[in-house]
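Residues per chain are reported as follows:
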Amino acid sequence: MTTEAVSREERVAALREARVVLVSACLIGEACRFDGRSKRSERVLEALEGKEVVPVCPEVGGGMPIPRAPVELSGGTGVDVWAGRARALEREAGVDRTDAFLRGARLALEAARKFGATVALLKEKSPSCGTQRVYEAGVLRPGEGITAALLRAEGMTVLSDEDL
Ligand code: SF4
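Residues numbered from 1 in each chain as written. Predicted model: local features only at pLDDT ≥ 70, side-chain atom pairs only at ≥ 80, totals over all residues. Heavy atoms only, no water.

J.: For this particular structure, what's the right way to read helix α5 (residues 98-115)?
T.: Within an α-helix, residues lying three or four positions from one another point in the same direction, as the helix has 3.6 residues per turn. The terminal C-alpha atoms of α5, which comprises 18 residues, lie 26 Å apart, in line with the 26 Å expected from a rise of 1.5 Å per residue. Inspection of α5 places Thr 98, Ala 100, Phe 101, Leu 102, Gly 104, Ala 105, Ala 108, Leu 109, Ala 111 and Ala 112 among the buried residues, and these make up the whole buried set. Immediately downstream of α5, the backbone of Gly 116 shows phi near 75°, a positive value. (Helix = DSSP H or I, 4+ residues; strand = E, 2+ residues; numbered from the N terminus. Expected span 1.5 Å × (residues − 1). Buried < 20%, exposed > 50% of the residue type's maximum accessible area, 1.4 Å probe, protein only.)

Here is the structure:
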């Protein structure tokens, strides 16, 4: 799996031109985060005006409950998880949630294909949705989450709320 470098300007331009956009559900007001809250963003809602929106929450889609224990990547970032070199572990207890995260990512890709979304607008810093920065073993580092890595590898343009 490779990460193609696309500039912020190119990502934002792709969003502007897109008719159908896959979006992290928490950004448009779904209370699906690990803490039971949303991350509703007026900037995101504005950017999506007039577009068809496909909301997904890969973690809930993969079978995780709301609320849930926070999860961090361990051993690498999303690309490394797909390569089998890293895992998604509960921050406190260390329970391995990798399978649920992979399942949720595949479902997000399926939804994008079904509805014809070529661009994904995702929540930065999430172990699933992060597009440029994610927490690995307690440290924020460059890299993408598990869902973002899959969508990008499958040819989608992936950007985050922080790009807007
Ligand atoms: S960042 Fe992604 S996985 Fe996390 S709550 Fe939002 S949509 Fe769900």
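J.: Would you take a moment to explain the site of the ligand for this structure?
T.: Around the ligand, 14 residues are found, and the nearest of them are Cys 26, Cys 57, Glu 59, Lys 123 and Cys 129. For the shell around the ligand, the class distribution of residues is seven nonpolar, three polar and four charged. (Near = heavy atom within 4 Å. Nonpolar A, V, L, I, M, F, W, Y, C, P; charged D, E, K, R; others polar.)

J.: How should the layout of surface pockets be read in this particular structure?
T.: Rolled over the atoms, a probe sized like a water molecule indicates the empty space that remains. Empty space within the largest pocket amounts to approximately 450 Å³. Residue lining of the largest pocket: 25 residues in total, with Arg 33, Phe 34, Glu 59, Ser 126 and Pro 127 positioned closest to the centre. Listing elements by their share of the lining of the largest pocket, those giving two or more residues are α3 (58-61) and β3 (71-74). Taken together, the residues of the lining of the largest pocket break down into 13 nonpolar, three polar and nine charged. (1 Å grid on protein atoms, 1.4 Å probe; cavity = no way out; pocket = protein on both sides within 12 Å on 5 of 7 lines; lining within 4 Å. Points joined across faces, edges and corners; volume = space filled by probe spheres on them.)

J.: What's the story with helix α6 (residues 146-153) in this structure? I'm lost.
T.: Burial within α6 is extensive, with seven of its eight residues counted as buried. Listing the buried residues of α6 in full gives Ile 146, Thr 147, Ala 148, Ala 149, Leu 150, Leu 151 and Arg 152. Directly beyond the C-terminal end of α6, a positive phi value near 95° is found at Gly 155.

J.: Explanation requested: the sheet that holds strand β1 (residues 20-24) in the structure shown.
T.: Strands belonging to one sheet form pairs held by backbone hydrogen bonds; the direction of such a pair is parallel or antiparallel. Taken together, four strands build an open sheet; the order of strands is β2-β1-β5-β8 and the sheet is parallel. On the outer flanks of this sheet lie β2 (52-56) and β8 (157-160), each paired with one strand and no other. Sheet twist, expressed as the average angle between the axes of neighbouring strands with direction ignored, equals 25°. Of the strand pairs in this sheet, β1 and strand β5 (residues 119-122) are connected by three bridges, and their pairing is parallel. Within β5, the position partnered with Val 21 by the bridge is Val 119. (Pairing = 2+ DSSP bridges. Axes fitted to C-alpha atoms, helices over the stretch in contact; angles between N-to-C directions.)

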